[in-house]
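# Per-entry structural report
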Amino acid sequence: MLKRLLLPAAILIALTACTTACTLACTPAGSSAGTPATKVRPTKNVIFMLTDGTSEGALAAARWYQRYMTGDMSFNLSLDQYICGLVQTHESDCPITCSAPGMSAYMTGVLGRIGNVSMNPLPHPEHDFYPVDPDRAGQPAATVLEAARLLKGKATGLVCTVTFPHATPAAASAHYPYRWAYHPLALQQSCEGLDLLFGSGTDVLTDEMRAMIAGTGATLIEDDVAAFRTFEPSGRKASSAGVAPSSNRLWALFGDDMTEFEIDRVDSEQPSLSEMTAKAIDMLSRSRKGFFLMVEGSKVDYGAHSKDPVEIITELLEFDRAVKVATDFARKDGNTTVVIVSDHGNAGIQIGGGGYANYEANPVDSIYYGIRGVKASSWKMVQRLQGCAEREIPAVFKEWTGIDLRPAELSDIRKNMNRVEGDYMQVANTWNLQGTIAKIYLSRSNLKLIGGDHTGEDVILGVYNPRGQRPTGVIRNTQLNAYVCQLLGLKGAVSWEDKTLGPNPRNPLFALADEIFAPHDKVFEGLECSIDESGDVPVLRVGAAEAGVSLRIPAFHNTVELERPDGSVDVIRTKAPCVWNPDTRKFYLDRSLGKLTVKL
Ligand SMILES: [Zn+2]
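Definitions and cut-offs
- Residues numbered from 1 in each chain as written.
- Predicted model: local features only at pLDDT ≥ 70, side-chain atom pairs only at ≥ 80, totals over all residues.
- Heavy atoms only, no water.
- Pairing = 2+ DSSP bridges.
- Helix = DSSP H or I, 4+ residues; strand = E, 2+ residues; numbered from the N terminus.
- Axes fitted to C-alpha atoms, helices over the stretch in contact; angles between N-to-C directions.
- Buried < 20%, exposed > 50% of the residue type's maximum accessible area, 1.4 Å probe, protein only.
- Polar contact = N/O pair within 3.5 Å; in protein donor to acceptor, adjacent residues only side chain to side chain.
- Phe/Tyr/Trp six-rings, centres within 6.5 Å; stacked < 30°, edge-to-face > 60°.
- Lys NZ or Arg CZ within 6 Å of the ring centre and 35° of its normal.
- Parallel < 35°, antiparallel > 145°, perpendicular 65-115°, else oblique.
- Contact = heavy atoms within 4.5 Å.
- Nonpolar A, V, L, I, M, F, W, Y, C, P; charged D, E, K, R; others polar.
- Donors = N, O, S within 2.8 Å, 3.2 Å for Na, K, Ca; no water.
- Tetrahedral: all angles 85-135°; square planar, octahedral: opposite > 155°, others 65-115°.

### A word on the sheet that holds strand β21 (residues 550–554)
In spatial order, the strands read β19-β20-β21-β22-β23; together these 5 strands make up an open sheet with antiparallel pairing. Two strands close off the open sheet at either side, each with one partner strand: β19 (528–532) and β23 (569–573). Going across the sheet, the axis of each strand differs from the next one's by a mean of 20 degrees, ignoring polarity. Of the strand pairs in this sheet, β21 and strand β22 (residues 559–563) are connected by 3 bridges, and their pairing is antiparallel.

### Section: helix α17 (residues 433–443)
Of all 11 residues in α17, 9 are buried, a share of seventy percent or more. Those residues of α17 that sit buried are L433, Q434, G435, T436, I437, A438, I440, Y441 and L442. Sitting at the amino-terminal end of α17 is N432, which places a side-chain oxygen 3.3 Å from the backbone nitrogen of Q434.

### Considerations on the packing of aromatic side chains
Enumeration over the complete set of coordinates arrives at 12 aromatic pairs. Ring geometry for F164 and W251: centres 5.1 Å apart, planes at 80 degrees, overall edge-to-face. Of this pair, F164 sits in the loop between β4 (155–163) and α5 (167–173) while W251 sits in strand β9 (residues 249–253), and the two are 87 residues apart along the sequence. The same class applies to F164 and to W251, which are both buried. Between the aromatic rings of Y176 and Y178, the centroid separation amounts to 6.1 Å while the plane-to-plane angle is 70 degrees, which identifies the pairing as edge-to-face. Through a chain of ring-to-ring contacts, the aromatic side chains of Y65, Y68 and Y368 assemble into a single cluster. In this structure, R67 is placed above the aromatic ring of W64, and the distance from its NZ or CZ to the ring centre is 4.6 Å. Taking the ring centre of F261 as reference, the NZ or CZ of K299 above it sits at 5.4 Å.

### What about the pairing of strand β20 (residues 539–543)?
With 4 of 5 residues buried, β20 lies mostly within the body of the structure. In this antiparallel pair of consecutive strands, β19 and β20, the connection spans 6 residues. Note: β20 against β21, 5 bridges, orientation antiparallel. What sits directly across from G543, in β21, is S550.

### So, the packing of helix α2 (residues 57–70) against helix α11 (residues 309–333)
The interhelical angle for the contact between α2 and α11, taken along N-to-C directions, is 85 degrees, at an axis separation of 9 Å. If you check the angle between α2 and α11, you find them roughly perpendicular. Contacts between α2 and α11 involve A58, L59, A61, A62, Y65 and Q66 on the former and, on the latter, I312, I313, T314, L316 and L317. Residue classes in the contact of α2 with α11 are distributed as 9 nonpolar, 2 polar and no charged.

### Topic: the environment of K289
Here K289 is to be found in the loop between α9 (273–284) and β10 (291–297). In contact with K289, not counting residues within four places along its chain, are K44, K152, G153 and K154.

### Overview of the coordination of the zinc ion
Note on metal geometry: ideal angles are 109.5 degrees for four donors arranged tetrahedrally and 90 or 180 degrees for six donors arranged octahedrally. Surrounding the zinc ion are the protein donor atoms D52 (OD), S99 (OG), D343 (OD) and H344 (NE2), which sit 1.9 to 2.1 Å from the metal. Angles of 103 to 117 degrees at the metal separate the 4 donor atoms of the zinc ion, which places the site in the tetrahedral class. Here the donor residues for the zinc ion map to a single chain with the spacing D-x46-S-x243-D-H. Pair noted here: D52 is in the loop between β2 (45–51) and α2 and S99 is in helix α3 (residues 99–108), with a separation of 47 residues, a long-range link.

The structure is reproduced here in structure tokens:
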């Protein structure tokens, strides 16, 4: 009968001493089968920039808005010059994607289902576009960020303007079947060893996460822009900002759930997306082996859900300023690629549309004149109006928007004063105060939205590459993942030109996933395993009574505790946090933990 015991602790520690980059366990198995198609030469640094929920029409709307507002008719978006194609966005079973599987496809080469954060989907045979592999169903899918860190020893960072476990930053750096489960996602992000994370989400942080972040050697700054601006890597800081940096690593969070919209942002209180991008590049570019940075312009999507054209436009303009920061660096550096993309369309904003009379003869003025005085997002106006007396509403509205409310509009606002939805996803579908304000903005412009929901259109792709090697044409989302794998120089990387429908099993990220996310019943085959779900996170216990030792493995942590009969505990660190999937009821963890066992 096959039986296994845990190895003595001394051997365990020796086994796990080599958990840094490029251990033998991380070499992709089967990589020799890679496709030697189009050679894309790796670049030292990769900056992946995603503007969430951005319909292509938003570019023209933002461009003409900026020209109109500044009078500079020569204005173009910085990203314009890098556009080289379009990307098809979809899930494994649905043409319109949710942000989580949308970003996951780019990060992992795996298509997921609604809500999946870098996970292999469960099969959905009636709807699947290709045969979803039942053997991988529910297994986490390794990301390019994880590959950059584990296989290439690169520094890694995330920059966003929403809570850090939100779909896009989470899909780069964590795994779970359900995107709104912030706690398990944030735990993984807190312990995995990101070199930096700038964004929002102080509400999500727990004391345990704060301790985990500190444990990676990172300084954590919460709602302190002065400390952020004066933070100097290498354990130095420029001034006495009250923060004691301990290393080159930095987390900086502003706001409990999201940063202010750019149009509302007060510079003395929060940094902009472009400022955070500049700081991230400055810090990460000190890495000898290069870096992978993900930057998300998170809130074009929010504006689209709210049907607020001003939010859409001003957020996209700020994303574009971040693109300029990144591409300016890349051009100067000469060894950096910048990828610019969206994850799906949203709201399909257009200049013109139904009801715009004489559109072929009207000047730009006719489109934007009515919203030229808007100085606040509809989101912010909700707070401003709720904070003032009813009789002050028309004056406050005029002060921040330049708009004289019509009697029917004032009536609508009054009716909806106390009916604000907390969930931004509801705004598009709910008659509430923010929706009312956004509708007034829209009515004063000659912009049109087709709705307030995700769309199935192709999205923009832009790339700056120092050798001009970039995908062109209309590509699949999984092809963009292949391109990033090529840029990172992953052994056996498939060519971006490979149009395989669905995940390509030769993608080296699959081999990495098999190393860092192996199912616990395979890793500990023959050992007694039990799952305790009574605590904050599920805990896997592994052991055999006759061995005298047992393992305690908490989900979403990168620590394994070896407990001996005498009560002493050794803590072993895994290469990536282990993941519990409640659907398969399995832990997915570092395969090298299997070396802790011996056959009897
Ligand atoms: Zn999205």
